[in-house]
Amino acid sequence: MSESLPPRIQIVEVGPRDGLQNESVVVATAAKIEFIERAVAAGVTRLEVTSFVNPKRVPQMADAEDLCAKLEPREGVIYSGLVLNEKGIDRAIASGLKHVACSYSASDTHS
């Protein structure tokens, strides 16, 4: 059985979140903003920019609210943040983000 591709797909750049969250040193908020701005300048229109997780567990994402406050809204660009629980959703809403990504782990070990 052959499935046809949808007429349109959306690619979400997750580098500002997934690409930076495991770095051994904390990346400055200004550097993250520059990363995001360069991606937008290159034509990326959907970006997962941060994660609203416990800052003690993921120190790289401790600046989530500050980062979102500094994002320049751009026509046609969607910024989102990863949320893992209700507290994360509350933080994302308070930060002004209109889009979130949710993730659920298949195992308690990964969670």
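Reading the values: rules and limits
Residues numbered from 1 in each chain as written. Predicted model: local features only at pLDDT ≥ 70, side-chain atom pairs only at ≥ 80, totals over all residues. Heavy atoms only, no water. Core = buried A, V, L, I, M, F, W, Y, C linked by side-chain atoms within 4.5 Å. Buried < 20%, exposed > 50% of the residue type's maximum accessible area, 1.4 Å probe, protein only. Helix = DSSP H or I, 4+ residues; strand = E, 2+ residues; numbered from the N terminus. Contact = heavy atoms within 4.5 Å. Pairing = 2+ DSSP bridges. Axes fitted to C-alpha atoms, helices over the stretch in contact; angles between N-to-C directions. Arc of directions from axis to C-beta. Polar contact = N/O pair within 3.5 Å; in protein donor to acceptor, adjacent residues only side chain to side chain. Salt bridge = Lys/Arg side-chain N within 4 Å of Asp/Glu carboxyl O. Expected span 1.5 Å × (residues − 1).

A. Spotlight on the nonpolar core. One finds Ile36, Val40, Leu47, Val49, Phe52, Leu71 and Tyr79 to be the most contacted residues of the largest nonpolar core, which totals 16 residues. Secondary-structure elements contributing two or more residues to this core are helix 2 (29-41), strand 1 (46-52), helix 3 (64-70) and strand 2 (78-83). A total of 4 residues in this core trace back to one element, the largest contributor, which is helix 2. Excluding residues within four positions of it along the chain, isoleucine 36 makes contact with Pro16, Leu47, Val49, Leu67, Leu71 and Tyr79.

B. Focus on the sheet that holds strand 3 (residues 99-102). Spatially, 1-2-3 is the arrangement adopted by the 3 strands of the open sheet, whose pairing is parallel. For this open sheet the edge positions go to strand 1 and strand 3, each flanked by a neighbour on one side alone. In this sheet, neighbouring strand axes are inclined to one another by 35° on average, regardless of whether the strands run parallel or antiparallel. Of the strand pairs in this sheet, strand 2 and strand 3 are connected by 4 bridges, and their pairing is parallel. Across the sheet, residue serine 80 finds its bridge partner in strand 3, namely histidine 99. The strands touched by helix 2 are strand 1 and strand 2; relative to strand 1, the strand with the most contacts, the crossing angle is about 160°. Against the sheet, helix 4 (residues 86-95) touches strand 1, strand 2 and strand 3, its axis set at about 125° to strand 1.

C. Looking closely at helix 4. Along helix 4, the residues classified as buried are Gly88, Arg91, Ala92 and Ser95. The buried residues of helix 4 all sit within an arc of 100° when viewed along its axis, so they share a single face. Exposed and oriented more than 90 degrees from the buried face of helix 4 are Glu86, Ile93 and Ala94. Contact partners of the buried residues in helix 4: strand 1, helix 3, strand 2 and strand 3. Of the residues flanking the start of helix 4, the one acting as N-cap is asparagine 85, its side-chain oxygen 3.2 Å from the backbone nitrogen of lysine 87. Following helix 4 by one or two positions, glycine 96 has its phi on the positive side, about 95°.

D. Representation of the side chain of glutamine 60. Residue placement: glutamine 60 occurs in the loop between strand 1 and helix 3. If sequence neighbours within four positions are ignored, glutamine 60 has contacts with Leu20, Gln21, Glu23, Val25, Val26, Val27 and Lys32.

E. Inspection of the pattern of salt bridges at higher detail. Per the stated rule, a full pass over the model turns up 7 salt bridges. In this structure, aspartate 63 and lysine 32 form a salt bridge, with 2.9 Å as the shortest nitrogen-oxygen distance. With aspartate 63 in the loop between strand 1 and helix 3 and lysine 32 in helix 2, this residue pair connects regions lying 31 residues apart in the sequence. The residues aspartate 63 and lysine 32 share a single accessibility class, namely buried.

F. Local environment of helix 2. For helix 2, built from 13 residues, the straight-helix expectation of 18 Å at 1.5 Å per residue is met to within 8% by its first-to-last C-alpha distance of 18 Å. Packed against the buried residues of helix 2 are helix 1 (15-19), strand 1, helix 3 and strand 2. Trailing helix 2 by a residue or two, glycine 43 shows a phi angle of about 110°, which is positive.

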